[in-house]
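These are the residues of each chain, in order.
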Amino acid sequence: MEFPAQIKQQSCMDCLSGKSLGFDIKMAFQPIIDWAAQDIVGYEALVRGPEGQGAGWVFDHINDHNKYYFDQACRVKAIETASRLGLRKLLSINFLPNAVYNPETCIRATIEAADLFGFDIRQIMFEVTEGEQITDQAKLKRIFESYAKRGFITAIDDFGAGYASLAWLTALTPAVLKLDMGLIRDIDQDPLKQAVLKGILTVCQQLNTKVLAEGIESQAELDYLWAQGIQWFQGYYFARPALEQLIQKDQIAVWS
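Predicted model only: the values in this text are computed from it and were never measured. (Residues numbered from 1 in each chain as written. Predicted model: local features only at pLDDT ≥ 70, side-chain atom pairs only at ≥ 80, totals over all residues. Heavy atoms only, no water.)

> Would you explain the layout of surface pockets in this entry?
If a probe as big as a water molecule is rolled over the atoms, it shows which places are left empty. One number sums up the size of the largest pocket: a volume of about 670 Å³. Lining the largest pocket are 28 residues, and of these E44, L46, A55, N94 and D157 sit closest to its centre. Elements that contribute at least two residues to the lining of the largest pocket include exactly β1 (26–34), β2 (39–48), α3 (55–59), α4 (67–84), β3 (90–94) and β5 (153–159). Among the elements that make up the lining of the largest pocket, the one with the highest residue count is β2 (5 residues). Along the lines of polarity and charge, the residues of the lining of the largest pocket split into 14 nonpolar, 6 polar and 8 charged. (1 Å grid on protein atoms, 1.4 Å probe; cavity = no way out; pocket = protein on both sides within 12 Å on 5 of 7 lines; lining within 4 Å. Points joined across faces, edges and corners; volume = space filled by probe spheres on them. Helix = DSSP H or I, 4+ residues; strand = E, 2+ residues; numbered from the N terminus. Nonpolar A, V, L, I, M, F, W, Y, C, P; charged D, E, K, R; others polar.)

This is the structure:
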């Protein structure tokens, strides 16, 4: 696939301004909890519209013509906003693998933004959702390898949606695996989900992959997952995403 020259020459300021995308975006941040340390280990950046509209509104404005710009704009906006808010912990950013035409070229704006705003790229985690329809799995593996080589943290998001094959996990070998909230919901009461989780945890232990359970909504879910050895958590039970704000530890109800 050949891309026009203006894409190849795009700077991170173009992404930041929204000029290439055609509309502005903002970022909301949801804390990622390290339950063992009883602290916030980082935040996931979640895209919002110019007036704080939800992700659904944003994706209604994304198509094949602006998907590349959107992927780049999200990365740059997340880094710029996180830096402005003083984040010095993990920053998790979702990316669209089908929008990446070449890992080394497409990562340029991310590195440029990190340099411009003084953000350590070793603290950036790139998530790819299991639900994303991947047209070329070998290409995604090359993206993961390239990002890891650069010093970024790689992650699979929404893993376990539909109880997918573990082949996806072993092929990519991410640094972090985020369990889908569908698998997490009421797992303390569901023997089938518990069996699926045990299989995932066994593979992750062999791969040295960190497991993060997202979508936590109850103490029972948290207690069960913690007992299985999971230490990182995310979900409404701790905090909802906050628009252009970093929720602090003393604002999380379970610790207050």
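Read on for the rest.
> What is the right way to look at the environment of G199 in this model?
Tracing the sequence through the fold places G199 in helix α10 (residues 191–207). The exposure class assigned to G199 is partly exposed, which follows from its relative accessible area of 27%. The spacing of G199 and L166 is 33 residues in sequence and 8.6 Å in space, taken between C-alpha atoms. (Buried < 20%, exposed > 50% of the residue type's maximum accessible area, 1.4 Å probe, protein only.)

> Would you take a moment to explain the side chain of E44 for this structure?
Looking at the secondary structure, you find E44 in strand β2. With relative accessibility at 5%, the residue E44 sits in the buried group. A distance of 2.9 Å separates polar atoms of two side chains, one belonging to E44 and the other to N94. In terms of polar contacts, E44 uses its side chain to reach the side chain of K178, at 2.9 Å. (Polar contact = N/O pair within 3.5 Å; in protein donor to acceptor, adjacent residues only side chain to side chain.)

> Help me understand the environment of Q248 in this model?
Tracing the chain through its elements places Q248 in the segment after β9 (242–243). Overall, the relative accessible area of 41% leaves Q248 in the partly exposed class. In this view, Q248 contacts I40 and Y43; residues no more than four positions away in its chain are not counted. Engagement of the side chain of Q248 in a polar contact is seen with the backbone oxygen of L246, the distance being 2.8 Å. (Contact = heavy atoms within 4.5 Å.)

> I would appreciate a short explanation of the packing of aromatic side chains in the present structure.
Centre distance and the angle of the planes are the two values used to describe a pair of aromatic rings. Scanning the model with the defined rule gives 10 aromatic pairs in all. A connected cluster of aromatic rings, assembled from ring pairs, spans F95, F126, Y147 and F152. Over the ring of Y236 we find R240; its NZ or CZ atom is 3.9 Å from the centre of that ring. (Phe/Tyr/Trp six-rings, centres within 6.5 Å; stacked < 30°, edge-to-face > 60°. Lys NZ or Arg CZ within 6 Å of the ring centre and 35° of its normal.)

> Which parts of the structure should I look at to understand the pairing of β2?
Where a strand is regular, its side chains alternate between the two sheet faces. The buried fraction of β2 is high, at 8 of 10 residues. Here 9 bridges tie β1 to β2, and the two strands are oriented antiparallel to one another. Pairing of F29 across the sheet is with A45, part of β2. Where β1 folds back on β2, the antiparallel hairpin that results is connected by 4 residues, among which Q38 adopts a positive phi of roughly 55°. In this structure, β2 lies alongside β3, joined through 4 bridges in parallel fashion. Each bridged residue has a counterpart across the sheet, and for G42 the counterpart in β3 is L90. (Pairing = 2+ DSSP bridges.)

> Explain the nonpolar core to me, please; I cannot follow it from the model alone.
It is characteristic of soluble globular proteins that their nonpolar side chains tend to be buried jointly. Counting 72 residues, the largest nonpolar core has L91, L179, L225, I230 and F233 as its most contacted members. Broken down by element, the residue count for this core peaks at 9 residues, all from α4. The contact partners of L91, leaving out residues within four places of it in the chain, are F29, Y43, A45, A78, I79, A82, F119, Q123, I124 and M125. (Core = buried A, V, L, I, M, F, W, Y, C linked by side-chain atoms within 4.5 Å.)

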